Structures are given as structure tokens and as C-alpha cells.
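Given next are the chains, with one letter for each unit.
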Amino acid sequence: MQLRFYGGGVSSFEAVFGNSPEVVARAPGRVNLLGEHTDYNEGYVLPIAIEQQTSVSVSVSHSNSEQYALYSETLDDIVYFTLGKSPTEHFATYVYGCLMEARAVGVKVPVLDIYIQSDVPMGAGLSSSAALEVATLRVLRVLTGFPLDDVQIAQLAQRAEIQYAGVRCGIMDQMAASLAGTREALLLDTLTLERRLVPLPPASAVLVLDSGVARTLAGSGYNQRRAECEEAARQLGVSTLRDLQDVSLADALPEPLSRRVRHIVSENARVLRAAECNNAEEFGMLMNASHASLRDDYEVSVSQLDQLVTLLQAHPDVYGARLTGAGFGGACVALCKPGSLQQISEAVLQDYSNVGLKGGVLVPPHW
Ligand code: GLA
């Protein structure tokens, strides 16, 4: 093992591994504008990539062992593992899962030294895990020349997260990290994977504020919500909730299943409407309605997110705001007048701190 030095804020592949990386690949985080918890119900989503990215640098290991070395600059932690025995460190399971999934489809994965660098906020609902997975698979694609297209990369990344990181996620985050850009949103049908780019409404820009309440997906009620949706679909005799258009059918179900269904059906309709409307006011109202639905029907909000969303919605230069990502903490997204982002965040975060809470700006990453 060539390990020379790490720790103490040293931050380069060379400093850790003693040689230069052979391949570097990147992938962005994402913020979801509309379509929350719809992806694992085969519905519609509307994410957009953010500027923050994760980069994965690798070189083929020169040692004769079968041991992979994986260093995270953010965590200042190095993990060793061999394929076939999953590491226990959570961040490493995403990379390990991608290597295993790639191998399962025939990629000849050499033993690697791997270095991760990222400015995608972690635990905020901006898909730092999907960025890591997609960057890892991109690095393997370049290193080995194995033909994987961007959709296959997203699919392998999703499988890695489900199989190895323990979250039964949908495919939105991995598709966004693999296919979305920062200028237009990605309207995605998660059943057919049909997609098209949708420009933001005229005179609008995206602001993302952190509630300061961390969440971990696996520890949250995420898998429970997914199970509730599957149970509701079973009771309604459809294969997934995507197949329902008439929300009144949900009334026959016991609580909380009927409310879960109401959220999914109404959220799918909001995504499709927003993708067509080309109007910031209407788009904003759809975001507000989405938050109410996530709070009351889907029950994935927390009081701090509700406070932050209420403050954002009350600002005159905000068209609409909602929690974004899985919920249970994390961030809020707002559609705003483009010239006012800094002023809005300062005013809203000041009011948020007046009630004893500490938030922050996540997007844009700088003014
Ligand atoms: C997480 C999952 C996604 C999606 C969202 C909620 O980000 O990874 O697949 O389900 O939650 O919309």
C-alpha cells in the first residue's frame, strides 16, 4: 500500500496515495422542484442539477493485494475493503455498491485507490449519495472503456443504493445526477424513463435554504412510506399508484393510506401542470400546494421545515416554496425573483433565527 499521508486537512490524491490519479469523473447534486415521493410510485418528477459536485479520482492499485483504498476528503477518513465484503462505514457502502453492481454487469473492476472530493451538502436532501454513485460509475466507464450509457449508470447507481446502502429509493436522484443540467429542469416519467428538459418559468430563479435539521434517509420513515404506498396499491388493485387518476378512490382506504394516496395522485398532477405552465406565479402556487400535501397527507415534514417554508412563502419576492427531497429535515426550495435571492435569504434566515433556529443558504453556493 502506497499510503503516505492523510489527515490534518491535506487534500489531494497525491498526498494520500503518492501518485497521480489516472481518471477523474464528476457528478452534481440535485434539487427537486416538484414531484416528491412519486418516483417509487412510478410517477413524475422535476429535479434540476445544482452547481455543487462530487468528484471521484482513481488509479489502479500497484499493491499486489485485493484491497481497495477509499479516502473521503470531506470526512477525512480512509476505508479499506475487498470486493465481496462490504465496508461498514456508510459513505463507503455507496462506492462499494457501485463497484459490485458494475462487476455484476460485466465491468472488469480493477483494484483501485479512490479519492472522493465533494461540495454537495450532505444530509440536506440534495442527493450527495447519488452524486457519489454516478461519479463512481462514470470513473469506471472511462477507466475500463466498458460501454454504459447515462441511463444505465443511473440504474446501476439506484441498485447500489438499494442493495448496499439500505434505502429503497426511486430513480429520480440517480437520473438527475446522470442526466440533468443546472439550467433546465428534467421532467422525468419514472415508469418509462421518458424525459425532456423544461426551462424555469421566465423571471425566476431557484433558492435552496437549509433548515439546519439533519436527516438520514435510511433512519427515517422513508422505507415505511414506500411500504404504505405498496399496501395502498395492493388494496386498490393497481400495480402502482401511478395507475390512479381519480383521487376519490382513495377514500375507501383506511388512514393513513388514503392520505398517502391523495398526496401521490395530486403531486403527479402538479408536476405535469408545472412542466406546462411557463408561469412563475402558477409554478409557485403548485410548490406551495406540494408542501401542504407533504406536510398534511404524506407527513414527511417537521416543524422547522414548516417554519422556514412559511417564512419563504410570506416574502413578496418568492413565488412559492416547499420542503425538497425526502423530508424529515433537510432543505427547502423556493422559486424567486432572480435579482432578490440574497436579500430574500438574509431576511428569511434572520426571521428564522429570531425563533431560535439556525439555517443557511445552500443554492446558489455563492452570490
Ligand atoms: C429521496 C430518494 C428519491 C425520492 C425522494 C423523495 O431523495 O432517493 O428516490 O424518492 O427521496 O421524492
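Residues numbered from 1 in each chain as written. Predicted model: local features only at pLDDT ≥ 70, side-chain atom pairs only at ≥ 80, totals over all residues. Heavy atoms only, no water.

Student: Explanation requested: the overall build of the protein in the structure shown.
Tutor: The number of helices and strands found in the protein is ten helices and eleven strands. Rg of the C-alpha trace for the protein: 21 Å, near the compact-globule value of 21 Å for 367 residues, within the 12% margin. Projected onto its principal axes, the C-alpha coordinates of the protein cover approximately 65 × 50 × 35 Å. A buried classification covers 56% of the 367 residues belonging to the protein. (Helix = DSSP H or I, 4+ residues; strand = E, 2+ residues; numbered from the N terminus. Rg over C-alpha atoms; globule rule 2.2 N^0.38 Å. Buried < 20%, exposed > 50% of the residue type's maximum accessible area, 1.4 Å probe, protein only.)

Student: Any chance you could explain the UniProt feature "domain: Galactokinase N-terminal" (unreviewed entry) in the protein here in plain terms?
Tutor: Taking the numbering used here, the UniProt-annotated feature "domain: Galactokinase N-terminal" (unreviewed entry) corresponds to residues 12–59. Measuring from the first to the last C-alpha atom of residues 12–59 gives 13 Å, for a span that is 10% helix and 58% strand. (UniProt positions renumbered as here; feature names shortened; annotations may be inferred.)

Student: Before we go on, may I ask you to explain unusual backbone geometry in this structure?
Tutor: For residues other than glycine, phi is negative in most cases, and the peptide bonds are mostly trans. Cis rather than trans, the peptide bond between Glu255 and Pro256 has omega equal to 5 degrees. Inspection of the secondary structure puts Pro256 in the loop between α6 (222–236) and α7 (257–277). The omega torsion of the bond from Val363 to Pro364 falls at 5 degrees, within 30 degrees of zero and hence cis. Here Pro364 shows up in the segment after β11 (360–363). One non-glycine residue, His37, lies in positive phi territory at about 65 degrees. In this structure His37 comes out as buried when scored by relative accessible area, which is 3%. We note that Asp76 has phi near 50 degrees; this positive angle belongs to a residue other than glycine. Looking at the element boundaries, Asp76 is found in the loop between β3 (68–72) and β4 (77–81).

Student: Looking at this structure, I do not really get the site of the ligand. What am I missing?
Tutor: Near the ligand you find twelve residues, and of these Glu36, His37, Asp39, Asp173 and Tyr222 are the closest. In this structure, His37 approaches the ligand through a main-chain N or O atom, which is 2.6 Å from an oxygen atom. Structurally, the shell around the ligand is a two-domain feature, drawing no fewer than three residues from each of domain 1 (4–199) and domain 2 (205–363). (Near = heavy atom within 4 Å. Polar contact = N/O pair within 3.5 Å; in protein donor to acceptor, adjacent residues only side chain to side chain. Domains from an automatic or database assignment.)

Student: I'm lost on the domain arrangement of the protein in this one. Help?
Tutor: How large an interface is tends to be reported as the accessible area lost when its parts come together. Domain parsing of the protein yields domain 1 (4–199) and domain 2 (205–363). On a C-alpha basis, the centroid separation for the pair domain 1 and domain 2 is 25 Å. If you look at the interface, domain 1 gives 35 residues, while domain 2 gives 42 residues. Both faces combined, the contact of domain 1 with domain 2 buries some 3200 Å², and carbon together with sulfur accounts for 60% of it. When the area that domain 1 buries against domain 2 is broken down by residue, the three leading residues are Leu34, His37 and Arg168, summing to 21%. Our count for the domain 1 to domain 2 interface comes out at four salt bridges. For Asp189, the salt bridge identified is with Arg242, shortest N-O distance 2.8 Å. Counting every contact that joins domain 1 to domain 2 gives 25 residue pairs in polar contact (both at pLDDT 80 or more). Here the side of domain 1 that touches domain 2 is composed, by residue class, of 17 nonpolar, eleven polar and seven charged. (Contact = heavy atoms within 4.5 Å. Buried area = accessible area lost by both parts, 1.4 Å probe. Salt bridge = Lys/Arg side-chain N within 4 Å of Asp/Glu carboxyl O. Nonpolar A, V, L, I, M, F, W, Y, C, P; charged D, E, K, R; others polar.)

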